[in-house]
Amino acid sequence: MKKVTVGAAVVGAAAVCAVAALIVNHRMRKSSKWGRAMAILREFEEKCKTQDAKLKQVADAMTVEMHAGLASEGGQSSRCLSPMSIISQLVMKLGVFYALDLGGTNFRVLRVQLGGKDGGIIHQEFAEASIPPSLMVGTSDALFDYIAAELAKFVAAEEEKFHQPPGKQRELGFHLLIPSNADFNNSGTIMRWTKGFSIDDAVGQDVVGELTKAMKEKVLDMRVSALVNDTVGTLAGGKYTQKDVAVAVILGTGTNAAYVERVQAIPKWHGPVPKSGEMVINMEWGNFRSSHLPLTEYDHALDNESLNPAEQIFEKMTSGMYLGEILRRVLTRVAEEVLAFLAMRSLQSLKDSFVLRTPDMSAMHHDTSPDLKVVGEKLKDILEISNTSLKTRKLVLSLCNIVATRGARLDAAGVLGILKKMGRDTPKQGGSERTVIAMDGGLYEHYTEYRMCLENSLKDLLGEELATSIVFVHSNDGSGIGAALLRASHSMYLEDQA
Ligand SMILES: Nc1ncnc2c1ncn2[C@@H]1O[C@H](COP(=O)(O)OP(=O)(O)O)[C@@H](O)[C@H]1O
């Protein structure tokens, strides 16, 4: 009996020890998995570092590219800076103008009524439709046929007061949100598709001709002549209300910038010199790249698997289409290393590209609840990662912060590059000129952390004295209105001028 009791006691003690060892082992494994997760985070953070010195190198590289782009015709696609006449007489126009935005998440049509000198914009309305995914990768005919049909619906709903007098065609500004060599000569070709579009037979085609053909088929009596780039549109729209607007930046699904340049500084411009002596330069900065950009293995993988590898590198680090996707890729890496740590049975839910969208990342990043409730919900609803610990949620929040901070600070470096090119990056004796930067796009508008980081970083880079002369304005829907305005400024109905 005694022996048995002793034996039982021994067995009991051994079992306790084994369980204790298992727990310790489990804890060690857990803590070493946690350690690996943290190591991935730290390594990513290190590679994404954008210290001021690096940003200045990026800004310098941007300025060098700008000089090269203004000097050379064609060449590297990132150097295709297109000059356009600045539109000083915008304010004088009168009448109803249409604009059409193509190349963003949604395709948009606008109707704008201008009141002539001092009248401003009397009325504006728009309709939006999403482009069916099949048309984004289909044929040029199918895409333009769809656009013309939607445009015809919008025009058909026009109130009587907007009807054109007999014999006068409606006028349309075509506003492209994808890289093109848009000009005012009633033509322009798409240079390359971005942001999920890929329609091979449209590259190099005259898009105005394509749209005009599709409109004729729909018996839509409308004349397209101004083909306007989105950022140039934002600059024009911004300038309509504030004379000091010198730079425009779009941060939406994609990204681009435009600025005002002196004609003498554009060696490749051989056309007529506008009275103002200035032109708008469309930078297509989404295609900027430099060895100074802090690229990681996640960026390289994203790029390799994209529809446009090796193109739009700056855009792939800084725009709404890609930020959430970068985050998903880092999270997948964490999960691959430490599946159990994320309490996941499979990685399947993380495997779909673009499943984690930037608005979701932004919602997580802005989560201020003590238990990071929003982060927990997003992880569960989108990635099927349930019951996450607070530690895990904090890790995800840190990753959001790293991805957004890098993007926003690189944008700030890009703007610094533009200001350098304009000679506005150093304080002037007797006070610096006021520089208004017109900003537009869903990322800028809704991702507050991103916006604040961009604005503060630029001001830090410029220094206190100069920072006060820099003003950011949100040019809401400025680009579409700008397209209509540009259309107006190139109206063939000159008698409409007030
Ligand atoms: N709440 C948000 N937080 C962060 N980014 C957002 C948010 N809402 C929209 N965005 C980003 O803005 C993009 C839309 O930008 P927008 O300027 O409206 O249109 P587009 O650039 O597609 O023409 C979306 O693709 C998304 O990436």
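Residues numbered from 1 in each chain as written. Predicted model: local features only at pLDDT ≥ 70, side-chain atom pairs only at ≥ 80, totals over all residues. Heavy atoms only, no water.

### Things to note about the packing of aromatic side chains
According to the stated counting rule, one finds 7 aromatic pairs in the structure shown. Taken together, a centroid distance of 5.6 Å and an interplanar angle of 80° make the contact between F288 and F314 edge-to-face. Of this pair, F288 sits in the loop between β9 (278-282) and α7 (297-304) while F314 is found in helix α8 (residues 313-318), placing the two residues 26 residues apart along the sequence. Both residues of the pair, F288 and F314, count as buried. Connected via pairs of aromatic rings, a cluster forms that spans W285, F288 and F314. In this arrangement the basic side chain of R111 is found over the ring face of F154, its NZ or CZ atom lying 4.2 Å from the centre. Positioned above the aromatic ring of Y444 is the side chain of R451, whose terminal nitrogen or guanidinium carbon lies 5.7 Å from the ring centre. (Phe/Tyr/Trp six-rings, centres within 6.5 Å; stacked < 30°, edge-to-face > 60°. Helix = DSSP H or I, 4+ residues; strand = E, 2+ residues; numbered from the N terminus. Buried < 20%, exposed > 50% of the residue type's maximum accessible area, 1.4 Å probe, protein only. Lys NZ or Arg CZ within 6 Å of the ring centre and 35° of its normal.)

### So, the environment of L410
Structurally, L410 can be placed in helix α12 (residues 390-421). Judged by its relative accessible area of 0%, L410 falls in the buried class. Note: C-alpha distance between L410 and T318 (92 residues apart in sequence) is 7.4 Å. Among all residues touching L410, those that are not within four sequence positions of it are T50, L55, V58, L293, P294, F314, M317 and T318. (Contact = heavy atoms within 4.5 Å.)

### Things to note about the environment of R111
Relative to the helices and strands, R111 is located in strand β3 (residues 106-115). Taking the relative accessible area as the measure of exposure, R111 reaches 2% and is therefore buried. Residues R111 and F97 lie 14 residues apart in sequence; the distance between their C-alpha atoms is 5.9 Å. Once residues within four sequence positions are removed from consideration, R111 is found in contact with V96, F97, Y98, H123, Q124, E125, F154, V155, A157, E158 and F162. A polar side-chain atom of R111 sits 3.4 Å from the main-chain carbonyl oxygen of F154. (Polar contact = N/O pair within 3.5 Å; in protein donor to acceptor, adjacent residues only side chain to side chain.)

### Side note on the UniProt feature "binding site: ADP" in the protein
If you check UniProt for "binding site: ADP", the listed places come out as G104, T105, N106, T253 and G442 in our numbering. Position of G442 relative to the elements: it lies in helix α13 (residues 442-446). Since its relative accessible area comes to 37%, G442 is described here as partly exposed. Apart from the residues lying within four places of it in its own chain, the contact partners of G442 are L251, G252 and Y447. (UniProt positions renumbered as here; feature names shortened; annotations may be inferred.)

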